[in-house]
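Structural characterization, general
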Amino acid sequence: MEEDLTIERLGTCHYTSPFENMIQETGFIPDDERVVAITDKGLIEKFIQHDIPIPSFEKAGPRRKVFFEPGETVSGIVTCGGICPGLNSVIRSIVMMNYYRYNNKRIYGFRYGYAGLVKENGYDVQLLTPEIVETIHTDGGTILGTSRGNQDPVKMVDRLQELNIDILYTIGGDGTLRGAQQIAEEIARRGLKIAIVGIPKTIDNDISYIDRSFGFETAFSEACDAIYAAHTEAKAHDNGIGIVKVMGRDSGFIAAHATIATNEPNFCLIPEVDFDLDGSNGFLSHLTRRLLKRKHAVIVVAEGAGQKFFTNDKEEYDASGNKKLKDIGLYLKQKISEHLTKHHISHSIKYIDPSYTIRSRPPTPNDSIFCSQLAQAAVHAGMSGRTNVLVGYYQGNFTYIPIDIATRRRKKIDTNSSLWTSVLETTGQPVAMVNS
Ligand code: ATP
Ligand code: MG
């Protein structure tokens, strides 16, 4: 790890935090308190041997002195990209923290993602009060709305200036964070003192150096219900097959966790692990063997798995320029049916795609706690003048990470990890389903 983990600061902190009278002395996090950013013991020893500082993240939390004046600081909140369980909980906690802890009464919600930051798009900003956000955490979605599609950072910063925003909280995925970086660059170009604080949203849990993202637990819990349904369907028929497609564009964390949690799937297919369909070691042969033995089978497939089967199809993109994935679930359904029919094996396939019901769920209680803590850490970051910063969670600690570090590469399942080993043990599927 060679990245610079220093967090940009807008300036010296002169104001005393209003937390002075609310929390114990030990509740404040000193600026030099850090969280080691590597877990490999051998690597850590090498750093020590060579007397090189071990890479570490800033620990998140309240600072004794803050950069922005409590009671006078103006904040903005924007949510972008796809919806994810917990967005409203994050919004609510940012509002509550500002309102009651830092005494900041002006918190503006921008409507429909970055589109709401461009004045000519005509969306009004919404003043967010405790009354407005009181019960939103029990609802899925985002009260602010969201969007995809590029917006001009010059126009977005114009709007921030016009509204006298001191801190902008951007809640979204990789695209949103890249957008946030562009906004921060434009702010720096103008020499303004506006902080940009990101709260990472990835239902796939695929951001580097962040062990857990909000909504992930809700997502895989919901996926579990779909898997139980698929199993019930599959068992009810002779050679019954249940296919469940879950989220996971590049990383199969939801598929893996839901597989282990339910114990039902016989195959878990993820983007990180290549597989063939045909041939003696291909997926279809293994599935057929399983069916002949047990008369039913459950398959969990992450949406990004098996995309190699579509290389001849026309590529399509969404408004933000993300490549649209082809439906691997439907493809598998068709291929399985063709294969079994060819071998005169009667069968019944049920395909379940719970993606949209998963995305729109309110968070589980555990996720809800996590959302609040992320939001609180974000507000501390903003008030202390940290910018171009993302709130992370690593090895049991909330951390501050430079935005560009987290967006540089995706976190993927390590197929040598205990997580993937558990999947193999739970499903009984072969380590590899490719023909050499
Ligand atoms: P998810 O993909 O998880 O739903 P996301 O944040 O990645 O979330 P996107 O639609 O890709 O969702 O991006 C959200 C917003 O960020 C959009 O308005 C998009 O235009 C903007 N954005 C995406 N990529 C960039 C970029 N490279 N530079 C500036 N803005 C970007
Ligand atoms: Mg994205």
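Just so you know, these numbers come straight off a predicted model, no measurement behind them.

Here we have nine strands laid out as an open sheet, ordered β3-β4-β17-β16-β10-β9-β6-β7-β8, and mixed in their pairing. In the strand order of this sheet, the two ends are held by β3 (34-36) and β8 (126-127), each with one partner. The sheet contact formed by strand β9 (residues 167-172) and strand β10 (residues 195-200) spans six bridges and is parallel. Across the sheet, residue Ile171 finds its bridge partner in β10, namely Ile199. Relative to β9, helix α5 (residues 174-190) is tilted by about 160 degrees, and along the sheet it contacts β9, β10 and β16 (389-394).

There is about 1,300 Å³ of room inside the largest pocket. Lining the largest pocket are 44 residues, and of these Gly82, Arg148, Arg249, Asp318 and Asn322 lie nearest its centre. At six residues, the largest contribution of residues to the lining of the largest pocket is made by α5. Considering only residue class, the lining of the largest pocket consists of 11 nonpolar, 16 polar and 17 charged. As for the second largest pocket, its lining consists of 21 residues, and the residues nearest its centre are Tyr209, Asp211, Tyr394, Lys411 and Lys412. The class makeup of the residues in the lining of the second largest pocket is nine nonpolar, six polar and six charged.

The next subject is the UniProt feature "binding site: substrate" (unreviewed entry) in the protein chain. Per the UniProt annotation, the sites labelled "binding site: substrate" (unreviewed entry) are Thr202, Ile203, Asp204, Met247, Gly248, Arg249, Glu303, Tyr356, Thr357, Ile358 and Arg359. Residues that both appear in the annotated list above and line the largest pocket are Thr202, Ile203, Asp204, Met247, Arg249, Glu303, Tyr356 and Arg359. Among the secondary structure elements, Asp204 is positioned in the loop between β10 and α6 (216-235). Judged by relative accessible area, Asp204 falls into the buried class, the value being 7%. Among all residues touching Asp204, those that are not within four sequence positions of it are Phe216, Met247, Gly248, Arg249, Phe253, Ile254 and Glu303. Engagement of the side chain of Asp204 in a polar contact is seen with the backbone nitrogen of Gly248, the distance being 3.3 Å. Tracing the sequence through the fold places Tyr356 in helix α10 (residues 355-359).

Basis of the calculations
- Residues numbered from 1 in each chain as written.
- Chains lettered and ligands numbered in written order.
- Predicted model: local features only at pLDDT ≥ 70, side-chain atom pairs only at ≥ 80, totals over all residues.
- Heavy atoms only, no water.
- Pairing = 2+ DSSP bridges.
- Helix = DSSP H or I, 4+ residues; strand = E, 2+ residues; numbered from the N terminus.
- Contact = heavy atoms within 4.5 Å.
- Axes fitted to C-alpha atoms, helices over the stretch in contact; angles between N-to-C directions.
- 1 Å grid on protein atoms, 1.4 Å probe; cavity = no way out; pocket = protein on both sides within 12 Å on 5 of 7 lines; lining within 4 Å.
- Points joined across faces, edges and corners; volume = space filled by probe spheres on them.
- Nonpolar A, V, L, I, M, F, W, Y, C, P; charged D, E, K, R; others polar.
- UniProt positions renumbered as here; feature names shortened; annotations may be inferred.
- Buried < 20%, exposed > 50% of the residue type's maximum accessible area, 1.4 Å probe, protein only.
- Polar contact = N/O pair within 3.5 Å; in protein donor to acceptor, adjacent residues only side chain to side chain.

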